[in-house]
Amino acid sequence: MELTDLPTELLARIFAHFDVYELLTRLARVCRLFRDVALSPALWTRLDLEQIRLRHHRVAPTASFLMALATRSPHLQHLRLSGCRLVNDRILHRLAEACPHVQSLDLGFTSDVSVSMLLRALTSWSKLRDLCLEDCSAATDDLFMKLPREFLEGLETINIACCPIGDITLANIARSCPRLRAINIDHVPAVSSGGVAELARLLAPTLREVRLDGADLFDEVIFSLGAHCAGTLETLSISFCEQLTDACLPALVRLTRLRTLRLRKTDGISESALHAALCGAAFPHLQRLELVECVAVSDEVLSLLVEGSPRLQIVVLAWCWHLSDAGLVRLASCRELVFVDLTGIKSVTDATIREMADNLGRLKVLILKQCNYVTDQLLFDIVVRRGFVIVDYYGQRVGDESEAWEEYLSPSFDPGVLLDPAAAPFAALGHAAAAD
């Protein structure tokens with residue numbers, strides 16, 4: 001029996017494993033039967049240009065491909081056009097007109113769309129739930145003030161990182177988005193601590209994920225999150241936390257429902273205060289811990305975090321210079337770990353890496369960039385014996401230079417894909433935090 005002998009229903013189930021680029025440019029050209037099945041609108045529900053770029057060796061879809069997609073995709077539900085320079089008013093208008101059922105939209109890093117066209121397109125997508133406008137030039141205070149309340153009421157996630165918006169937009173979102181469970185306002189310097197604190201207060205019943213830029217935010221934000229979101233917040237990510245002080249720590253450790261905690265550059269927090277706050281504290285649900293350039297993280301602090309977080313699966317401790325083997329060896333007791341990044345920790349040695357390799361049976365990726373005292377021979381031996389991905393001092397994968405592992409070496413790689421591969425393509429909040 002050949003593939004052409006299979007019922008079309010079975011062929012459709014097989015073709016569902018291919019992306020729309022493969023359906024249009026490959027399968028549809030095999031024969032008339034394959035063409036009819038490949039172009040069935042029921043298969044065209046998801047488009048992710050970034051995924052296509054990675055899977056097809058940096059191929060760049062053309063404007064004609066996007067227009068063909070719009071014509072053939074009346075059932076399109078998930079649309080990710082992040083960073084696509086082809087996206088302009090004409091293409092966005094065509095997509096909005098031909099694809100009325102979009103629920104997840106990513107227009108991050110697009111610059112050729114006008115405010116008026118973006119407003120028209122968004123209001124036409126009445127089923128939209130997840131919206132990413134990261135670094136989109138048209139995502140302004142004016143846009144959000146003109147969006148109808150009934151549209152905002154349906155949104156569940158919003159990514160407006162790097163957008164030219166301020167407290168007026170935050171206030172509008174807080175008043176008009178009662179279903180909002182996740183918001184990314186990283187790299188948005190015009191928002192104030194008061195604006196973020198008020199948003200946390202008003203959206204506390206539903207808010208599960210918050211990503212912020214701490215450069216201009218103060219302890220008031222953590223006070224509000226600790227007071228209003230302690231029982232609900234699952235993800236907290238703050239980049240450039242220099243303005244946070246020891247005073248915020250009691251509120252921070254009240255967030256015991258956290259599954260993900262990311263902090264970068266906690267220069268205003270002392271090691272002694274962090275150690276004191278963590279004594280007796282626990283994060284029983286924490287799966288993902290990312291502490292980057294955090295000078296307060298010592299061996300003793302890391303030991304407390306490991307002891308109070310039994311479910312850790314992802315740990316990033318990049319450029320935490322005060323860590324040594326004495327603390328890092330405690331990671332070997334976290335048996336659920338799948339991803340560890342120790343970039344820039346120069347004092348880590350072969351002994352700790354060997355201990356981790358011997359005890360972490362689920363480990364898939366180990367990043368050791370700029371780790372001076374870990375030997376190449378040890379890393380090669382571990383790869384041969386265990387087979388997981390190791391990135392060496394120079395940022396190269398040990399024992400394999402194939403492009404198949406390119407995504408692991410990218411600065412924007414999100415290790416969360418190792419926990420939930422299905423969620424990664426349309427994680428509407430991920431870009432800015434990952435790029436950090």
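This one's a predicted model, so the numbers in the text were calculated from it and none came from an experiment.

Q: Explain the overall build of the chain here, please?
A: Of regular secondary structure, the chain possesses 20 helices and 14 strands. Classification of the 436 residues of the chain by burial places 54% in the buried group. Within the chain, contacts between residues separated by at least 24 positions form 75% of all contacts whose residues are at least 6 apart in sequence. By element, 52% of the accessible surface of the chain is carried by carbon and sulfur atoms, the whole surface being about 18,600 Å².

Q: I'm lost on the environment of Thr-256 in this one. Help?
A: Relative to the helices and strands, Thr-256 resides in the loop between helix 13 (249-252) and strand 9 (260-264). On the basis of relative accessibility, which here comes to 32%, the residue Thr-256 falls in the partly exposed class. Between the C-alpha atoms of Thr-256 and Ala-230, which are 26 residues apart in sequence, the distance is 6.6 Å. Each residue touching Thr-256, except ones within four places of it in the same chain, is listed here: Ala-230, Ala-282, Phe-283, Pro-284 and His-285.

Q: Please clarify how the packing of helix 5 (residues 63-72) against helix 6 (residues 89-98) should be interpreted in this entry.
A: Interaxial distance between helix 5 and helix 6 falls to 8 Å at its minimum, and their mutual angle equals 15°. Judged by the angle between their axes, helix 5 and helix 6 are roughly parallel. In this structure, the crossing between helix 5 and helix 6 has a hand that is left-handed. Along the contact surface, helix 5 presents Ala-63, Leu-66, Met-67, Leu-69, Ala-70 and Thr-71, while helix 6 presents Arg-90, Ile-91, Arg-94, Leu-95 and Ala-98. A breakdown of the residues in the contact of helix 5 with helix 6 according to their chemical character gives 8 nonpolar, 1 polar and 2 charged.

Q: Help me out: how do you make sense of the environment of Leu-24 in this one?
A: Residue position: Leu-24 is located in helix 2 (residues 20-25). Note on Leu-24: relative accessible area 18%, which makes it buried. Each C-alpha atom of the pair Leu-24 and Leu-39 lies 7.1 Å from the other, and the pair is 15 residues apart in sequence. If we skip the residues at most four places from it in the chain, Leu-24 touches Arg-29, Leu-39, Trp-44, Phe-65, Ala-68 and Arg-72.

Q: What exactly am I supposed to notice about unusual backbone geometry here?
A: Phi angles above zero are rare outside glycine, and Phe-109 is one such case at about 60°. Looking at the element boundaries, Phe-109 is found in the loop between strand 3 (104-106) and helix 7 (115-124). Phe-109 gets classed as partly exposed once you look at its relative accessible area, which sits at 37%. Phi is positive for His-187, which is not a glycine, with a value near 60°. Secondary-structure assignment places His-187 in the loop between strand 6 (182-185) and helix 11 (193-203).

Q: Mind showing me how you'd approach the packing of helix 6 against helix 7 here?
A: Helix-helix packing is characterised by the crossing angle of the two axes and by the distance between the axes. Contact geometry for helix 6 and helix 7: axes closest at 9 Å, N-to-C directions at 15°. By the criterion of interaxial angle, the relationship of helix 6 to helix 7 is roughly parallel. Handedness of the crossing formed by helix 6 with helix 7: left-handed. Where helix 6 abuts helix 7, its residues Asp-89, Leu-92, His-93 and Ala-96 lie against Met-117, Leu-118, Arg-120, Ala-121 and Ser-124. Here the contact of helix 6 with helix 7 is built from residues that sort into 5 nonpolar, 2 polar and 2 charged.

Q: Hey, could you run me through helix 14 (residues 271-278) in this one?
A: Helical geometry: 3.6 residues make up each α-helical turn, so side chains three or four residues apart lie on a common side. The set of residues buried in helix 14 consists of Ala-273, Leu-274, Ala-277 and Leu-278. Take helix 14 and look down its axis: the buried residues cluster within an arc of 130°, on one side only. Opposite the packed face of helix 14, turned more than 90 degrees from it, sit the exposed residues Ser-272 and Ala-276. Looking at the buried positions of helix 14, the neighbouring elements they touch are helix 13 and helix 15 (299-308). Downstream of helix 14 by one or two residues, Gly-280 has phi in the positive range, about 85°.

Q: Would you mind showing me how to read the pattern of salt bridges here?
A: Once their charged atoms are close, side chains differing in charge can pair, the charge on each being opposite to the other. Within this structure, the stated rule accounts for 18 salt bridges. Across the pair Glu-156 and Arg-179 runs a salt bridge whose closest N-O atoms are separated by 2.7 Å. With Glu-156 in the loop between helix 9 (149-152) and strand 5 (157-159) and Arg-179 in the loop between helix 10 (167-176) and strand 6, this pair connects stretches of sequence that are 23 residues apart. On the accessibility criterion, Glu-156 (18% relative accessible area) is buried. Of the charged contacts in the structure, one is a salt bridge between Arg-288 and Glu-290, with a shortest N-O distance of 2.5 Å. Residue classification places Arg-288 among the buried positions, given a relative accessible area of 9%. Residue classification places Glu-290 among the buried residues on the basis of a relative accessible area of 11%. Counted as one network, the salt bridges with shared partners bring together Asp-130, Glu-156, Arg-179 and Arg-181.

Conventions and cut-offs
- Residues numbered from 1 in each chain as written.
- Predicted model: local features only at pLDDT ≥ 70, side-chain atom pairs only at ≥ 80, totals over all residues.
- Heavy atoms only, no water.
- Helix = DSSP H or I, 4+ residues; strand = E, 2+ residues; numbered from the N terminus.
- Buried < 20%, exposed > 50% of the residue type's maximum accessible area, 1.4 Å probe, protein only.
- Contact = heavy atoms within 4.5 Å.
- Areas by Shrake-Rupley, 256 points an atom, 1.4 Å probe, with all protein chains shown as cover.
- Axes fitted to C-alpha atoms, helices over the stretch in contact; angles between N-to-C directions.
- Parallel < 35°, antiparallel > 145°, perpendicular 65-115°, else oblique.
- Left-handed = near helix turned anticlockwise from the far one by under 90°.
- Nonpolar A, V, L, I, M, F, W, Y, C, P; charged D, E, K, R; others polar.
- Arc of directions from axis to C-beta.
- Salt bridge = Lys/Arg side-chain N within 4 Å of Asp/Glu carboxyl O.

By themselves, these observations are geometric and do not establish any function.
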